[in-house]
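Below, each chain spelled out in residue letters.
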Amino acid sequence: MRLRTFIYAFASLLVMSLTSCNKPDDGSNDLMYIWFEVSGRVVDQAGNPIAGITVMAESAESQKTASDGSFTVNGGSAPTQTTAVRFVDADKTGKQYMSKVVMVDLVKYKDGHGWNNGYFRNAEELTVVMMESESEITPSPLGASK
């Protein structure tokens, strides 16, 4: 009896999955997703590139800026026309820069299908200017804060 129930349940799931995969994409999918790529450059107030800044965006693996200040992050999210990108000076060596969040406009460059609503990238060239932090972080003895 248990085997028969298992076979019926398995067959029902198989039929449901096959019929749902063969539906034409009429744009009425409730669950949608986009893939995005944001690229640009990070510079200081004088226009000099900053290496080593951590760049983070929704559902994207964080990246560090290269020696020329360039970066590219790839991720995915619910359909949107903008995404927040955060820039953090996490290494705490040399000059210190204040963290910054930038809202980036996205444009579709390639259609997707099914649940994938397409592939997006930043609409314009992105140059992020980081401001130097006015306070230096210095370790205190025994972890006491100043």
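Criteria and cut-off values
- Residues numbered from 1 in each chain as written.
- Predicted model: local features only at pLDDT ≥ 70, side-chain atom pairs only at ≥ 80, totals over all residues.
- Heavy atoms only, no water.
- Helix = DSSP H or I, 4+ residues; strand = E, 2+ residues; numbered from the N terminus.
- Buried < 20%, exposed > 50% of the residue type's maximum accessible area, 1.4 Å probe, protein only.
- Contact = heavy atoms within 4.5 Å.
- Areas by Shrake-Rupley, 256 points an atom, 1.4 Å probe, with all protein chains shown as cover.
- Salt bridge = Lys/Arg side-chain N within 4 Å of Asp/Glu carboxyl O.
- Core = buried A, V, L, I, M, F, W, Y, C linked by side-chain atoms within 4.5 Å.
- Pairing = 2+ DSSP bridges.
- Phe/Tyr/Trp six-rings, centres within 6.5 Å; stacked < 30°, edge-to-face > 60°.
- Lys NZ or Arg CZ within 6 Å of the ring centre and 35° of its normal.
- Polar contact = N/O pair within 3.5 Å; in protein donor to acceptor, adjacent residues only side chain to side chain.

Caption draft 1: Representation of the overall build of the chain. Looking only at helices and strands, one finds one helix and eight strands in the chain. A burial count over the chain gives 27% of its 146 residues as buried. Restricting the contact set of the chain to residue pairs at least 6 apart, pairs at least 24 apart contribute 57%. Accessible area of the chain: about 10,300 Å², with a carbon and sulfur share of 55%.

Caption draft 2: Structural view of the pattern of salt bridges. Tallied over the entire structure, the rule returns one salt bridge. The partner of D111 in a salt bridge is K108, and the shortest N-O contact between them spans 3.6 Å.

Caption draft 3: Broad picture of the nonpolar core. Within the largest apolar cluster, 21 residues are counted, with the highest numbers of intra-cluster contacts made by V38, V42, F87 and M130. Elements with a contribution of two residues or more to this core: β1 (33-43), β2 (54-57), β4 (70-77), β5 (82-88) and β6 (100-110). Per element, the largest residue contribution to this core is four residues, and it comes from β1. Setting aside its immediate chain neighbours within four residues, M130 contacts V42, V43, D44, Q45, I50, I53, F87, Y97, M98 and K100.

Caption draft 4: Highlighting the pairing of β6. Examined bridge by bridge, β5 and β6 share six bridges and lie antiparallel to one another. Paired with A84 across the strands is M103, a residue of β6. Here β6 pairs with strand β7 (residues 116-122) via four bridges, running antiparallel. By the bridge assignment for β7, V107 is matched with R121. Adjacent in sequence and paired antiparallel, β6 and β7 are bridged by five residues, among which G114 carries a positive phi angle near 65 degrees.

Caption draft 5: Structural view of the packing of aromatic side chains. Applying the stated criterion across every chain, the model contains four aromatic pairs. On the basis of an interplanar angle of 70 degrees and a centroid distance of 6.4 Å, the ring pair of W35 and W115 is categorised as edge-to-face. Of this pair, W35 sits in strand β1 while W115 sits in the loop between β6 and β7, and the two are 80 residues apart along the sequence. Taking the relative accessible area as the measure of exposure, W35 reaches 35% and is therefore partly exposed. A connected cluster of aromatic rings, assembled from ring pairs, spans Y33, W35 and W115. The residue whose ring lies beneath K110 is Y119, and the NZ or CZ to ring-centre distance is 5.0 Å.

Caption draft 6: Quick peek at the side chain of D89. Mapped onto the elements of the fold, D89 is located in the loop between β5 and β6. Separated by 3.0 Å, the side chain of D89 and the backbone nitrogen of Y97 make a polar contact. Those residues in contact with D89 that lie beyond four places of it in its chain are I53, K95, Q96 and Y97.

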